[in-house]
Amino acid sequence: MTTPDKTAVVQVLRDISLLLQMKGENPFRSRAYDTAADRIAGLSEDLGALVREGRLQELPGIGQAIADKVSELLTTGKLAYYDTLRAEFPPGVLELVQVPDLGPKKALVLARQLGVDGVDALEKACREGRVRQLSGFGEKSEAKILAGVELYRRTRTPRRLLGEVMPVAERLLESIKTAPGVIRASVGGSLRRRAETVGDVDLIASAPDANAVFDAFSRAPEVAQVIGRGESKCSVRLREKDLQVDLRVLPDEDFATALHHFTGSKAHHVRLRGLAHERGLKISEWGIHRDDGTKLHVPDEVAFYRLLGMQYIPPELREDTGEIEAALEGRLPEDLVTMEDIQGAVHAHSTWSDGKNSLEEMARAAQALGLKFLTVTEHSQAAIYAGGLKEDDLRRQWDEIDRVNDTVKGVRLLKGIEVDILESGALDYSDGVLEKLEVVIGSIHVRHGMDEEQMTRRLLQAFDNPHLHILGHPTGRLIQNREPYPVRMEAVLDKAAERGVVVEVNGKPERLDLKTEHVRMALQRGVKLVVSCDAHRASDLANLAFAVATARRGWARRGDILNTLPAEQFITTLRKQRAA
DNA sequence: GCCGTTTTCGGCCCGACTGTTTTCAGTCG
């Protein structure tokens, strides 16, 4: 029997929450399981260790009962309570809940009264007109369910990569800003928090007449279909990527509170509302009100947090992972790294290995973005599939880098390498070559199948080479595509801290590696980071923004990120780190 | 089910939208 992992535990807790709702249980009891699932999903520590040490109950929202259940699930691989609960309900009912607009109550009616045991049976029942005959359902719900089934099938992996959605959302936002009467507009939701994947796009705008904005929005060329439209909200589906976009339009005096409301996260809001309550205030998307009904003036989000007696919390931090306590005590970092702090981009490939643009094209692209340097880090010889360079190729490449540096002004290409960390933990070049390079990133590209002990030893071994400056994409994951290779991250970061190895926050949208939780783990140990673009073409330099966002979500400050330094200082700091 | 410098009991975040209903329940965020 395989031990359930964190994802499986989270799923069981969510299922219990749904089953309790079907049962008509106290809704707060059901919500408690949901809250616990959120808390565990956002954990940066190892769940297994937490359970073994009996520290699960220290997490807010997890008490004796849920801690016991999680423990049972992790140690025995089963949970009797869950199995008993599930047996009370028809099979397949939990699958039905996955269909949009079908919640636990309706799903249960369909399963009980029509014997529907899954999405296929549900579709059949709709087509045969049996759903509309049920009390509480009609022709419209039947059609809506059919549409939901279609959507469910089309988007089994419903969340999309941050880097995939961001450009589309920004384009739409620009068009909304020019719609009639629009005063302010912003993206909201998980996109604004820069979560690694997003389910849909939230846009918030202020204007005197919502209808005029909705009209313009509905006619945008990107829009395939208007799904719904009310007084303050309009939902559409885009042609591109089947993406749903919700646009809210409100009077400008409500903009800040609405923006805050629709930025989330849910967990962050629940906590804030509790705090507001203690202060005799009530928070909703329509503003902050005193208990006597007086509405408070909230011009922007800074004022919003000030009214609650706390520091401003940037969107990337709003996950209820300690930011609220920190903001109340005034110890939230005010110098979180920003794009403006970044002097140069780390980790770029060119046509010398598997990149699509020449060195000069990459340099000009970096120059156009106002960057002062770009580290050229091609693949090394072992990476044959990616056109890895032999040691002799490097010398010829350096000549070209020198030429480009003479030609393209204002930006400097640094001589680097993304050297393979071989199975043994050795690096793929001789020390004689490595010591001549300005930037050495070491990455794992092959043999992902090693077990946790082997993989950890492989990385720790690589850290013993004094010429390695930076550990590249430390877990090798590809979001929604490839699991991270198993590695004891605590051990890796401990040694990185001890030996002065810098760790990459890779901004490629499918990587985002380190991920948020690991960034925090690294910073707690005093590990220095770089934010990188892992560019394989000129346009990939934009990935830098996603690396910065991930670093911010992990609470990284300017001083934690080495490529906030000017080129020369960046190079000397990388060396000094290793010498220390 | 969780939680507590007012509480170990009695609270727990709030509102929009939709469809089915003549006043509300379910779903979503």
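These figures come from a predicted structure and were not determined experimentally.

Enquirer: Quick question: what am I supposed to make of the overall build of chain A here?
Expert: Each helix and strand counted, chain A has 24 helices and 16 strands in total. Relative to a compact globule of 580 residues, whose C-alpha radius of gyration would be 25 Å, chain A shows 26 Å and is just as compact. In terms of overall dimensions, chain A has C-alpha extents of about 80 × 60 × 50 Å along its principal axes. Residue pairs in contact within chain A that sit at least 24 positions apart in sequence constitute 67% of those at least 6 positions apart. Accessible area for chain A stands at about 25500 Å²; split by element, carbon and sulfur atoms hold 49% of it. Taken together, the 81 basic and 88 acidic charged side chains of chain A have centroids lying 2 Å from each other.

Enquirer: What's the story with the protein's contact with DNA strand B in this structure? I'm lost.
Expert: Among the 43 residues in the neighbourhood of DNA strand B, the closest are listed as R31, G63, G138, S141 and R273. In DNA strand B, atoms within 4 Å of the protein come 77% from sugar and phosphate. Taking K233, its main chain carries an N or O atom lying 3.2 Å from a phosphate oxygen of DNA strand B. Where the surface near DNA strand B is concerned, the elements lending two or more residues are α2 (27–41), α4 (64–76), α7 (104–114), α9 (139–154), β5 (223–229), α14 (266–278) and β8 (281–284). Residues that form the surface near DNA strand B fall into these classes: 14 nonpolar, 13 polar and 16 charged.

Enquirer: How should the packing of aromatic side chains be read in this particular structure?
Expert: One pass over the structure, following the stated rule, counts four aromatic pairs. For the pair Y33 and Y81, a centre-to-centre distance of 6.5 Å together with 15 degrees between the ring planes defines the contact as stacked. Residue Y33 is located in helix α2, and its partner Y81 is located in helix α5 (residues 80–87); the two are separated by 48 residues in the primary sequence. On the basis of relative accessibility, which here comes to 5%, the residue Y33 falls in the buried class. Between the aromatic rings of Y305 and Y312, the centroid separation amounts to 5.9 Å while the plane-to-plane angle is 85 degrees, which identifies the pairing as edge-to-face. By relative accessible area, which is 0% here, Y305 ends up buried.

Enquirer: I would appreciate a short explanation of the UniProt feature "domain: Helix-hairpin-helix DNA-binding motif class" (unreviewed entry) in chain A in the present structure.
Expert: Taken from the UniProt record, the annotation "domain: Helix-hairpin-helix DNA-binding motif class" (unreviewed entry) applies to residues 54–73, 94–113 and 129–148. In residues 54–73, helix accounts for 50% and strand for 0%; the two terminal C-alpha atoms are 14 Å from one another. Strand forms 0% of residues 94–113 and helix 65%; the C-alpha atoms that close the span are 16 Å apart.

Enquirer: Help me understand the sheet that holds strand β2 (residues 184–187), please; the structure alone is not making it clear to me.
Expert: In a beta sheet, neighbouring strands are held together by backbone hydrogen bonds and run either parallel or antiparallel to one another. Strand order in the open sheet formed by five strands is β2-β4-β7-β6-β5, with mixed pairing between adjacent strands. Single-partner strands in this sheet number two, and they are β2 and β5. Sheet twist, expressed as the average angle between the axes of neighbouring strands with direction ignored, equals 20 degrees. When β5 meets strand β6 (residues 233–238), the two strands line up antiparallel, connected through five bridges. Looking at the pairing, V223 lines up with L238 of β6. Packed on one face of the sheet, helix α10 (residues 162–177) meets β2, β4 (201–206), β6 and β7 (244–250) and runs near 20 degrees to β4.

Enquirer: Would you explain the domain arrangement of chain A in this entry?
Expert: For an interface, size is often stated in terms of accessible area lost upon the parts coming together. Domain parsing of chain A yields domain 1 (1–88), domain 2 (101–156), domain 3 (160–250), domain 4 (258–328) and domain 5 (339–579). For domain 2 versus domain 5, the distance between C-alpha centres works out to 50 Å.

Enquirer: Looking at this model, I keep getting lost on the sheet that holds strand β13 (residues 439–443). Mind explaining?
Expert: The parallel closed barrel is built from seven strands, whose spatial order is β10-β11-β12-β13-β14-β15-β16. Examined bridge by bridge, strand β14 (residues 470–471) and strand β15 (residues 502–506) share two bridges and lie parallel to one another. Bridge pairing links L471 to V503 in β15. Sitting on the sheet, helix α18 (residues 391–407) is in contact with β11 (373–379) and β12 (412–420), with an inclination near 155 degrees to β12. Helix α23 (residues 544–553) rests against β10 (344–348), β15 and β16 (529–535) of the sheet, and its axis sits at about 150 degrees to β16.

Enquirer: Even after reading the chapter, I still don't get the side chain of R39, so can you show me in this structure?
Expert: Looking at the element boundaries, R39 is found in helix α2. Of note is the side chain of R39, whose polar atom sits 3.3 Å from the backbone oxygen of P60.

Enquirer: Explain unusual backbone geometry here, please?
Expert: Keep in mind that most residues, glycine aside, have a negative phi and that most peptide bonds are trans. Residue G264 is joined to S265 through a cis peptide bond whose omega torsion reads -5 degrees. The step from D513 to L514 runs through a cis peptide bond, and the omega angle for that step is 5 degrees. For L514, the location among the structural elements is in the loop between β15 and α22 (516–524). In this model, R447 sits at a positive phi of 60 degrees, which is unusual for a non-glycine residue. Residue position: R447 is located in the loop between β13 and α20 (452–463). A relative accessible area of 46% places R447 in the partly exposed class. One non-glycine residue, L512, adopts positive backbone phi at about 40 degrees.

Enquirer: I would appreciate a short explanation of the nonpolar core in the present structure.
Expert: The nonpolar side chains of soluble globular proteins are, as a tendency, buried together. The biggest cluster of nonpolar side chains holds 64 residues, and the ones touching the most others in it are L529 and V531. Setting aside its immediate chain neighbours within four residues, L529 contacts V502, V503, V505, L514, V519, A522, L523, D560, I561 and L562. Listed in part, the 51 residues of the second largest apolar core include L94, A107, L108 and V116.

Enquirer: When you look at the packing of helix α8 (residues 119–127) against α9 in this model, what are you seeing that I'm missing?
Expert: Packed helices, taken two at a time, are described by the angle their axes make and the gap between the axes. Two elements in contact, α8 and α9, have axes whose closest approach is 10 Å; the angle formed by their N-to-C orientations is 150 degrees. Here α8 runs over α9; the crossing is left-handed. Of the residues in α9, those touching α8 at V119, D120, L122, E123, C126 and R127 are E142, I145, L146, V149, Y152 and R153. A class-by-class count of the residues in the contact of α8 with α9 yields seven nonpolar, no polar and five charged.

Enquirer: Even after reading the chapter, I still don't get the environment of L43, so can you show me in this structure?
Expert: Topologically, L43 is positioned in the loop between α2 and α3 (47–52). Judged by relative accessible area, which is 8%, L43 ranks as buried. If we skip the residues at most four places from it in the chain, L43 touches K6, L50, L59 and E517.

What counts as what
- Residues numbered from 1 in each chain as written.
- Chains lettered and ligands numbered in written order.
- Predicted model: local features only at pLDDT ≥ 70, side-chain atom pairs only at ≥ 80, totals over all residues.
- Heavy atoms only, no water.
- Helix = DSSP H or I, 4+ residues; strand = E, 2+ residues; numbered from the N terminus.
- Rg over C-alpha atoms; globule rule 2.2 N^0.38 Å.
- Contact = heavy atoms within 4.5 Å.
- Areas by Shrake-Rupley, 256 points an atom, 1.4 Å probe, with all protein chains shown as cover.
- Lys, Arg positive; Asp, Glu negative; His and termini not counted.
- Charge placed at Lys NZ, Arg CZ, Asp CG, Glu CD.
- Near = heavy atom within 4 Å.
- Polar contact = N/O pair within 3.5 Å; in protein donor to acceptor, adjacent residues only side chain to side chain.
- Nonpolar A, V, L, I, M, F, W, Y, C, P; charged D, E, K, R; others polar.
- Phe/Tyr/Trp six-rings, centres within 6.5 Å; stacked < 30°, edge-to-face > 60°.
- Buried < 20%, exposed > 50% of the residue type's maximum accessible area, 1.4 Å probe, protein only.
- UniProt positions renumbered as here; feature names shortened; annotations may be inferred.
- Pairing = 2+ DSSP bridges.
- Axes fitted to C-alpha atoms, helices over the stretch in contact; angles between N-to-C directions.
- Domains from an automatic or database assignment.
- Core = buried A, V, L, I, M, F, W, Y, C linked by side-chain atoms within 4.5 Å.
- Left-handed = near helix turned anticlockwise from the far one by under 90°.

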